[in-house]
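# Descriptive analysis of the structure
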Amino acid sequence: MENLNRLLEKFKHDERTQKIVGQIKKKPASRLLLTQMIGAQDAFVLMGVYSILGYNHIYIGIDKEEAAYVQNTLDNLNKELN
């Protein structure tokens, strides 16, 4: 649990995550394309963005399998944190 929290904190404070948050805060909000993510990295970035902003966002996967994978990972991360 402690290692997971440290990992999530690293993603939360990463400059790339901060840039994503900056784009989301702009008016009007930006549409972003996250590329070159490996494994569950996109889920960790999404968790970092959520922990900074505190509200939900829409994530669209390339296909339903990718979307299900990300949703599953986010669900598991949330269970671990609660």
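## Regarding the layout of surface pockets
A probe as big as a water molecule, rolled over the atoms, marks out the empty space that is left. Considered as a void within the structure, the largest pocket measures approximately 1000 Å³ in volume. Taken together, 31 residues form the lining of the largest pocket, with Leu34, Leu46, Ile58, Tyr59 and Ile60 sitting closest to its centre. Looking at the lining of the largest pocket, the elements that each hand over two or more residues are helix H2 (15-25), helix H3 (41-53) and helix H4 (64-81). Broken down by class, the residue content of the lining of the largest pocket amounts to 20 nonpolar, eight polar and three charged. Here the second largest pocket is characterised by a volume of approximately 270 Å³. Along the wall of the second largest pocket there are 14 residues; nearest its centre are Arg16, Ile20, Met37, Gln41 and Val45. For the lining of the second largest pocket, the secondary structure elements donating two or more residues are helix H1 (2-13), H2 and H3. For the lining of the second largest pocket, the leading source of residues is H2, giving three residues. Grouping the amino acids of the lining of the second largest pocket by side-chain chemistry returns seven nonpolar, four polar and three charged.

How each quantity is defined
Residues numbered from 1 in each chain as written. Predicted model: local features only at pLDDT ≥ 70, side-chain atom pairs only at ≥ 80, totals over all residues. Heavy atoms only, no water. 1 Å grid on protein atoms, 1.4 Å probe; cavity = no way out; pocket = protein on both sides within 12 Å on 5 of 7 lines; lining within 4 Å. Points joined across faces, edges and corners; volume = space filled by probe spheres on them. Helix = DSSP H or I, 4+ residues; strand = E, 2+ residues; numbered from the N terminus. Nonpolar A, V, L, I, M, F, W, Y, C, P; charged D, E, K, R; others polar.

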